[in-house]
Amino acid sequence: MPGKMEPLPGTTDIWSPETAAWVDIETTARAVFGRYAYGELRTPIFERTDLFVRGLGDQTEVVQKEMYSFVDRGGRNLTLRPEGTAGVMRAIANQGLAEGTEKRVFYLGPMFRGERPAAGRKRQFHQIGVEAVGRVSPAMDAESIAMLIDFLAEIGVGKTRLLINSKGAAADRQAVDAALKAYFARHIDHMCEDCRRRLDGNVWRILDCKAEPCQAPVAAAPAIVDLLGPASQAYFESVLSLLDKLEVPYERAPRLVRGLDYYEHTVFEVLCDGEHLGAQNAIAGGGRYSICLPGVKQPVVGVGFAAGVERLLLAKGLVDLPPASQSEVDVYVAALGEALVPGGMQIARQLRQAGLRVMAETEGRSLKAQLRTADRVAANLVAILGDQENDRGVILCRSMDSSQQVELPQAGLLDFVRTKLNNQPIASAARTA
Ligand code: HAM
């Protein structure tokens, strides 16, 4: 039983140095997506519940079982966003998108789903996602997938497999529904409770069922692409041939439908066989969609994907990192006595303005106590300001490694520190070069 101050199940505190790995991934995302002309969009973390019910589909697992929904003090039904696409569509529709134009956005941030927590499965997790909205073309689908593969390669996630399928256009839906119903009706007596409900509610969802008794009938179900009309089949073949052209390897996954109902045409998922991922090996997923928003007449169309940041880190093996081994502080400015604290703060500020990472004494404790602090924060150097030194306009500079100490003019401290740090293989030395 977790203690009172532990984070809730399925949520975590993310500490340094893991936070640095998060920043690296986010920085790479910005760089890669920027090269494809995507701009960042930040949407609210909570939205009206009906945006998700209508947008994702009321038969989806997410809507039926996983949303964090609540009624606010104004009596509004609200939900913590379980994914990013619906909110992005709302924002774009709200701003208005002229006919035939395209909008490309990326987003990153927390999402919330009340799933059973496991390695790689959180209740608050983080997605990095993209959406290219406004037009329908196989080239957009192929480009989005190529961008995801570029991103994964650039952050250094190896051993991935891209699975791809098509759900066809809305016009194909009835025929596929009928074929799937006819097929599953023959097996339904041996399938799970949920699938019995799905047979009449939304038969496509059966293909996404993870329950044991449903695995064999799902594996032998007809391939969706074979049930599609010629236009949808041609669309899918066109996406695949573009991926061939772009040298993006893929595997056809004939029964992949993905867990959200807004998908049409192309759907894809990237799996990773990293040792830390276990069953949660889908590191990213996406596809082309058509989303009906409450109060908006025309469905919004687009293509995109989202990757789970926690799973990307697991895939890279960046979990349970030891505490920071590298120095986080370049200089600790020690002030010997309370009266010298303001002078020490002034020196520290000048060093910081030159780009150094600096901590300064705030109480004027004993030198021993201050050196202990400098040691604890792994400072490289300690600048020591005493009364006598201050009167003469000098300062002592001590190396924490060698305990060697030199006296130098206060005006020469910055240059001295830079030279010292440049001779050491630490990150800050490179920054100050
Ligand atoms: P999704 O497949 O539901 O798609 O989620 C995308 C990714 O988010 C998953 O592949 C996984 O890496 C991560 N993820 C999902 N749930 C969890 C969880 N409980 N804990 C940790 N990671 C998780 C979407 O959300 C769509 N909006 C993607 C999209 C964008 N499609 C088109 N555009």
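For clarity, every value in this text was computed on a predicted model and none was experimentally measured.

Trainee: Please provide a residue-by-residue account of the packing of helix α2 (residues 49-56) against helix α4 (residues 85-95), values included.
Mentor: For the pair α2 and α4, interaxial distance at closest approach is 9 Å and the crossing angle is 105°. Classified by the angle their axes make, α2 and α4 are roughly perpendicular. Only A86, G87 and R90 of α4 make contact with α2, whose side of the interface consists of L51, F52 and L56. Grouping the amino acids of the contact of α2 with α4 by side-chain chemistry returns 4 nonpolar, 1 polar and 1 charged.

Trainee: Outline the environment of V341, listing residues and values.
Mentor: Tracing the backbone through its elements, the reader meets V341 in helix α12 (residues 341-353). Along the primary structure V341 and G286 are separated by 55 residues, whereas in three dimensions their C-alpha atoms are 56 Å apart.

Trainee: A description of unusual backbone geometry should follow, citing residues and the corresponding values.
Mentor: Looking along the chain, the bond that leaves S16 and enters P17 is cis, with omega of 10°. Its place among the elements puts P17 in the segment before α1 (18-35). Residues other than glycine seldom take positive phi values, yet R258 does so here, at roughly 70°. With respect to the helices and strands, R258 occurs in the loop between β8 (251-252) and β9 (263-272). Unusually for a residue other than glycine, A378 sits at a positive phi of about 55°. Accessibility expressed as a relative area gives 32% for A378, which makes it partly exposed.

Trainee: Can you break down the pattern of salt bridges residue by residue, with the values?
Mentor: In the structure shown here, the tally under the stated rule is 22 salt bridges. Between R90 and E47 there is a salt bridge whose closest N-O contact spans 2.6 Å. In this pair, R90 sits in helix α4 while E47 sits in strand β2 (residues 46-48), placing the two residues 43 residues apart along the sequence. Here E361 ties to R365 by a salt bridge, and the two come within 2.9 Å at their closest N and O atoms. For E361, a relative accessible area of 3% corresponds to the buried category. Via salt bridges that share partners, E61, K65, D194, R197 and R198 belong to a single interconnected network.

Trainee: Give me the packing of aromatic side chains: which residues, what numbers.
Mentor: The tally for this structure, following the rule as stated, stands at 7 aromatic pairs. With centroids separated by 5.3 Å and ring planes inclined at 50°, the aromatic side chains of F33 and F151 adopt a geometry described as tilted. In this pair, F33 sits in helix α1 while F151 sits in helix α5 (residues 138-155), placing the two residues 118 residues apart along the sequence. A relative accessible area of 0% places F151 in the buried class. With centroids separated by 4.8 Å and ring planes inclined at 65°, the aromatic side chains of Y262 and Y263 adopt a geometry described as edge-to-face. The exposure class assigned to Y263 is buried, which follows from its relative accessible area of 4%. An aromatic cluster of three or more residues is present, and its members are F33, F106, F151 and F305. Taking the ring centre of W204 as reference, the NZ or CZ of K167 above it sits at 5.2 Å. Here the basic side chain of R173 rests over the ring of W204, its NZ or CZ set 5.2 Å away from the ring centre.

Parameters and conventions
- Residues numbered from 1 in each chain as written.
- Predicted model: local features only at pLDDT ≥ 70, side-chain atom pairs only at ≥ 80, totals over all residues.
- Heavy atoms only, no water.
- Axes fitted to C-alpha atoms, helices over the stretch in contact; angles between N-to-C directions.
- Helix = DSSP H or I, 4+ residues; strand = E, 2+ residues; numbered from the N terminus.
- Parallel < 35°, antiparallel > 145°, perpendicular 65-115°, else oblique.
- Contact = heavy atoms within 4.5 Å.
- Nonpolar A, V, L, I, M, F, W, Y, C, P; charged D, E, K, R; others polar.
- Buried < 20%, exposed > 50% of the residue type's maximum accessible area, 1.4 Å probe, protein only.
- Salt bridge = Lys/Arg side-chain N within 4 Å of Asp/Glu carboxyl O.
- Phe/Tyr/Trp six-rings, centres within 6.5 Å; stacked < 30°, edge-to-face > 60°.
- Lys NZ or Arg CZ within 6 Å of the ring centre and 35° of its normal.

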